[in-house]
Amino acid sequence: MLRGVAEAPASRWPSMAALLDRLEQTPRRRAWATGAVAGVVAMGGVAAGVWTLRDHGAAAPPPCRGVDARLAGVWDADARAAAEHGVRAVGGARADATWTRLADRLDGYAAAWVTRARDVCEATAVRHEQSPAQQALRDRCLSHRLRALGALAGALAHADGASLDKAVGVADGLPELEVCDVPELLAQFEIPPDAVASPEAIGAIEDQLAAASTARDLGHFAEGTTAADAAVAAARDAGYPALAARAQVTAATLAAAASAPDAAARLETAALAADVAGQDDARFDALTWSIDVALDEHRLDDARTALRAARAVASRLGASRPRAELTLADGAMRIATAADDYDEGIRVGREMVSWAERITPPDELNLGRAHANLGAALARAGQLAEAGIELSAGRALLDRTLGPDHPQIGTLLTIEGALAMARGAFTEARPTLVDAVAHLRRVLGHDHPQVLAPLYNLTRCDLELGRFDDARAEAEDGLALARTQQDQGAAAAQWLSVLAAVHTRAGRPRDAIAPADEALALLRAGGGDDSAIAYAAFVAGRARWNAGVERRRARALVDEALRIDRGRGAAPDAGFADEIERWRAEAGMK
């Protein structure tokens, strides 16, 4: 309504029909993580000098009153109730706990949005600190944040189990309101040229992009791709290059998230389009996603190139943005990890923690993840004690932000248990791994694939502790679950090998021969990696030798295991080779 009484005619609605159309629409959004789409219609805000009809000399209402009305259809009572119903409908205590955390975050974001929107209006209409043009840019920036909130709220109304796991993270990642105060960044929100489609048509395209970005972040790739592709076509038809470039980046990041085979090429093309259109924030998104894809495809040099380009774009944006710096540090850490550069990984991990601590308001979710990543880097470097401290700190923060029933808590418990095993503290590791298995089964279901990792570590732990009956039951449980997986060959082979090891260590070497042979056959048929084949060959040979059968075959298998491990080039497992040599000496195999 405020736009209808703006002082400048060009700032008002073109007609009463257009105003009514807008009042009937539900604003949407898209997240800053994929770049704010330029050219959104200013939704509210009023210049100084507004006149209203009044009787008997009554004082005019404050010029910026009613800013909160812009939440209608985005995060009002009805939208909030629909989101709550959608989340709780997933069922279970985890859904209820997730809604409590979501409601707190989204209520807080909406309140902060209203406060800032009112301040933007008053800076022009009351305090006269900025021009109407500056207000328009800041208001467009805020409109994008409003779409971000609205798109997430709409998606939550149709939540499922998968999106439930990601929803709190998406809520914490809603685009920063502070960006709308930074002059260097407001250039991204230029006013659309007069030649493009109507403001309503542009708004509809941005609604599609908001829905696409939210679907991507919640893991609904097919739904997001449909919306993004429609937005790309509509933006091109509108003749609006900036919007078209942003739509292209959104579509390319969806391709990357869905692991599409052409994702790398699409991201490269989208990054170039964003560069030509002068959309640095969209180019930044395309480049950081390119790092992920390059690492997934083991193209380390390409990942480094994308990281350098992303740093240059961030520098060009000209304002310190902790979330952007955190994204860059995350990319640098994963590159260091892929290159086995432990010192660099630790350095960047500490940098991640530092940047996460600078996010305002405090973002405990990102801080918890930063501590966990640092812990993983320290563990890879063999600094196990400090790694445990960082992982524990990360888990405490994630427990508080995501809730004790979130799957990530089970994952961190698994890593902590593995760290204790690496220190040789098997008695300490066991209860942690038992908790990890129980946690993931309670949260995700008894036969969920994520249960396999902690269950495997628990089996190995019980094997080292001499709890052979427990280890056998766990190995048989894991084998049954592995056989249900899509890649059942490699998964089943791992469990067959450990089951054979359990039989051998328990003094039942004859029982170990069949599972060890099956594991070796599956790995050879399915192109298993060298380390898995070496381990299976060793287990098969050791079982035969200990059983006193096929001694020649046993010797050949053990020799094969040692030869494979020593021939793995830059990454031999010295500990495994030493284990084979020790066993050969103890068994009298020469």
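Preceding this paragraph is the structure being described.
Residues numbered from 1 in each chain as written. Predicted model: local features only at pLDDT ≥ 70, side-chain atom pairs only at ≥ 80, totals over all residues. Heavy atoms only, no water.

A.B. asks: Quick question: what am I supposed to make of the overall build of the protein chain here?
C.D. replies: Secondary structure assignment for the protein chain yields 25 helices and 0 strands. Taken over 590 residues, the protein chain has a buried fraction of 50%. Long-range contacts, defined here as pairs at least 24 residues apart, represent 67% of the contacts in the protein chain between residues at least 6 apart. Entry remark: accessible area of the protein chain is about 25500 Å², with carbon and sulfur atoms responsible for 53%. (Helix = DSSP H or I, 4+ residues; strand = E, 2+ residues; numbered from the N terminus. Buried < 20%, exposed > 50% of the residue type's maximum accessible area, 1.4 Å probe, protein only. Contact = heavy atoms within 4.5 Å. Areas by Shrake-Rupley, 256 points an atom, 1.4 Å probe, with all protein chains shown as cover.)

A.B. asks: Would you mind showing me how to read the state of the cysteines here?
C.D. replies: Note on terminology: disulfide describes a covalent bond linking the sulfur atoms of two cysteines. Across all of its chains, the model carries 2 disulfides by this definition. One disulfide bridge connects Cys64 with Cys121, the sulfur atoms lying 1.9 Å from each other. Disulfide Cys64-Cys121: the torsion about the S-S bond is -85°, which places it as left-handed. Within this pair, whereas Cys64 is found in the loop between α1 (16–24) and α2 (77–88), its partner Cys121 is found in helix α3 (residues 92–125), the two being separated by 57 residues in sequence. Judged by its relative accessible area of 3%, Cys64 falls in the buried class. Covalently, Cys141 is tied to Cys180 through a disulfide, its sulfur atoms 2.1 Å apart. One quick way to see it: the torsion about the S-S bond of Cys141 and Cys180 is about -80°, and its sign makes the bridge left-handed. (Disulfide = S-S within 2.5 Å.)

A.B. asks: So what exactly am I meant to see when it comes to the packing of helix α22 (residues 509–525) against helix α23 (residues 530–547) here?
C.D. replies: Two measures define how a pair of helices packs: the angle their axes make with one another and the distance between the axes. Axis separation between α22 and α23 bottoms out at 8 Å; the angle between their running directions is 155°. Considered as vectors, α22 and α23 are oriented roughly antiparallel to each other. Here α22 and α23 pass one another in a crossing that is left-handed. The segment α22 lies against α23, with Pro509, Arg510, Ala512, Ile513, Ala516, Asp517, Ala519, Leu520 and Leu523 engaging Ala532, Ile533, Ala536, Ala537, Val539, Ala540, Ala543, Arg544, Asn546 and Ala547. A per-class count over the contact of α22 with α23 returns 15 nonpolar, 1 polar and 3 charged. (Axes fitted to C-alpha atoms, helices over the stretch in contact; angles between N-to-C directions. Parallel < 35°, antiparallel > 145°, perpendicular 65-115°, else oblique. Left-handed = near helix turned anticlockwise from the far one by under 90°. Nonpolar A, V, L, I, M, F, W, Y, C, P; charged D, E, K, R; others polar.)

A.B. asks: Is there a simple way to explain helix α4 (residues 132–156) in this structure?
C.D. replies: Along an α-helix, residues three or four apart share an orientation, since each turn contains 3.6 residues. The first and last C-alpha atoms of α4 sit 36 Å apart over 25 residues, in line with the 36 Å expected at 1.5 Å per residue. For α4, the buried fraction is high: 19 of the 25 residues fall into the buried class. (Expected span 1.5 Å × (residues − 1).)

A.B. asks: It is not clear to me how the packing of helix α15 (residues 364–380) against helix α16 (residues 384–402) should be interpreted in this structure. Could you clarify?
C.D. replies: In the contact formed by α15 and α16, the axes pass within 7 Å of each other and the chain directions differ by 160°. Relative to α16, the element α15 lies roughly antiparallel. For the pair α15 and α16, the sense of crossing is left-handed. Listed contacts from α16 to Glu364, Leu365, Leu367, Gly368, Arg369, His371, Ala372, Leu374, Gly375, Ala376, Leu378 and Ala379 of α15 are Leu384, Glu386, Ala387, Glu390, Leu391, Ala393, Gly394, Leu397, Leu398, Arg400, Thr401 and Leu402. Split by residue class, the contact of α15 with α16 holds 14 nonpolar, 5 polar and 5 charged.

A.B. asks: Would you mind going over the environment of Gln488 with me for this structure?
C.D. replies: Note on placement: Gln488 falls in helix α21 (residues 488–505). On the basis of relative accessible area, Gln488 is assigned to the partly exposed category, the value being 40%. Along the chain, Gln488 and Leu522 lie 34 residues apart, while their C-alpha atoms are 9.4 Å from each other. Discounting residues that sit within four places of it in the chain, Gln488 has contacts with Ala482, Arg483 and Ala493.

A.B. asks: Even after reading the chapter, I still don't get the pattern of salt bridges, so can you show me in this structure?
C.D. replies: A side chain of one charge can pair with a side chain of the opposite charge if their charged atoms are brought near each other. In this structure the tally under the stated criterion is 45 salt bridges. Here Arg127 ties to Glu129 by a salt bridge, and the two come within 3.0 Å at their closest N and O atoms. In this structure Arg127 comes out as partly exposed when scored by relative accessible area, which is 33%. With a closest N to O distance of 2.6 Å, Glu581 and Arg566 form a salt bridge. With Glu581 in helix α25 (residues 574–587) and Arg566 in helix α24 (residues 551–566), the pair connects residues that are 15 residues apart, well separated along the chain. Using a relative accessible area of 31% as the deciding quantity, one classes Glu581 as partly exposed. Via salt bridges that share partners, Arg430, Asp462, Arg467, Asp470 and Glu474 belong to a single interconnected network. (Salt bridge = Lys/Arg side-chain N within 4 Å of Asp/Glu carboxyl O.)

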